[in-house]
Amino acid sequence: MASFKDWFTEDEDDIFMGSPKSKFFDVSREASKEVVEDEWDKVVEKLAVMEMMLSKGKGPEFDLNEEIKNFVFENEKEVNSMKKGLYVELTGEIICRLDS
């Protein structure tokens, strides 16, 4: 039996299991439009708050997009791992709301 770690790090091209990203899109296509829109609104709100927090107190020359690109370049492996985790989390949020 495969462990959770195996599923989380599985081959992105595995047609039987799929990646966390592909599972998210599978679930989001099947869930109600209202549930998916509501969950995306929560993600955008969270992103807005994080951008405001990161930019607070910085001068007009501060370029958040450039900072993000540099961070991704320097931490690509960790960022990709975090993205997978966030896809799993968001998929779980949508699935939990399917019965409500």
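Up top is the structure these notes are about.
Residues numbered from 1 in each chain as written. Predicted model: local features only at pLDDT ≥ 70, side-chain atom pairs only at ≥ 80, totals over all residues. Heavy atoms only, no water.

Draft legend 1. Highlighting helix α3 (residues 33-55). Under the 1.5 Å per step criterion, the end-to-end length of α3 is 33 Å for 23 residues, consistent within 8% with the ideal 33 Å. Those residues of α3 that are buried lie in contact with α2 (20-30) and α5 (76-96). Positive backbone phi, approximately 85 degrees, marks Gly 57, located one or two places after α3. (Helix = DSSP H or I, 4+ residues; strand = E, 2+ residues; numbered from the N terminus. Expected span 1.5 Å × (residues − 1). Contact = heavy atoms within 4.5 Å.)

Draft legend 2. Quick peek at a nonpolar patch on the surface. There is a patch of nonpolar side chains on the surface, built from Trp 40, Val 43 and Val 44 and spanning about 250 Å² of accessible area. Tracing the backbone through its elements, the reader meets Val 44 in helix α3. (Patch = residues over 30% accessible without salt bridge, like charges linked within 9 Å, V, L, I, M, F, W, Y side chains within 5 Å. Areas by Shrake-Rupley, 256 points an atom, 1.4 Å probe, with all protein chains shown as cover. Salt bridge = Lys/Arg side-chain N within 4 Å of Asp/Glu carboxyl O.)

Draft legend 3. Expanded view of the packing of α2 against α5. Where α2 contacts α5, the two axes come as close as 8 Å, and the packing angle between them is 20 degrees. With respect to α5, the axis of α2 lies roughly parallel. In this structure, the crossing between α2 and α5 has a hand that is left-handed. Listed contacts from α5 to Pro 20, Lys 21, Lys 23, Phe 24, Phe 25, Val 27 and Ser 28 of α2 are Lys 84, Tyr 87, Val 88, Leu 90, Thr 91, Ile 94 and Ile 95. Tallied by class, residues from the contact of α2 with α5 come to nine nonpolar, two polar and three charged. (Axes fitted to C-alpha atoms, helices over the stretch in contact; angles between N-to-C directions. Parallel < 35°, antiparallel > 145°, perpendicular 65-115°, else oblique. Left-handed = near helix turned anticlockwise from the far one by under 90°. Nonpolar A, V, L, I, M, F, W, Y, C, P; charged D, E, K, R; others polar.)

Draft legend 4. Broad picture of the packing of aromatic side chains. Applying the stated rule across the entire model yields four aromatic pairs. Considering the side-chain rings of Phe 24 and Trp 40, the 6.1 Å spacing of their centres and the 80 degrees angle between planes classify their relative orientation as edge-to-face. With Phe 24 in helix α2 and Trp 40 in helix α3, the pair connects residues that are 16 residues apart, well separated along the chain. Judged by relative accessible area, which is 0%, Phe 24 ranks as buried. When the centroid spacing of 5.6 Å and the interplanar angle of 45 degrees are considered together, the rings of Phe 24 and Tyr 87 count as tilted. With Phe 24 in helix α2 and Tyr 87 in helix α5, this pair connects stretches of sequence that are 63 residues apart. One aromatic cluster in this structure is built from Phe 24, Phe 25, Trp 40 and Tyr 87. Over the ring of Phe 62 we find Lys 58; its NZ or CZ atom is 5.6 Å from the centre of that ring. (Phe/Tyr/Trp six-rings, centres within 6.5 Å; stacked < 30°, edge-to-face > 60°. Buried < 20%, exposed > 50% of the residue type's maximum accessible area, 1.4 Å probe, protein only. Lys NZ or Arg CZ within 6 Å of the ring centre and 35° of its normal.)

Draft legend 5. Representation of the packing of α3 against α5 in the model. The contact between α3 and α5 brings their axes to 10 Å, and the two run at 140 degrees. By the angle class used here, α3 and α5 are oblique. As α3 packs across α5, the resulting crossing turns out to be right-handed. On α5, the residues touching Val 35, Val 36, Glu 39, Trp 40, Val 43 and Lys 46 of α3 are Glu 89, Leu 90, Glu 93 and Ile 94.

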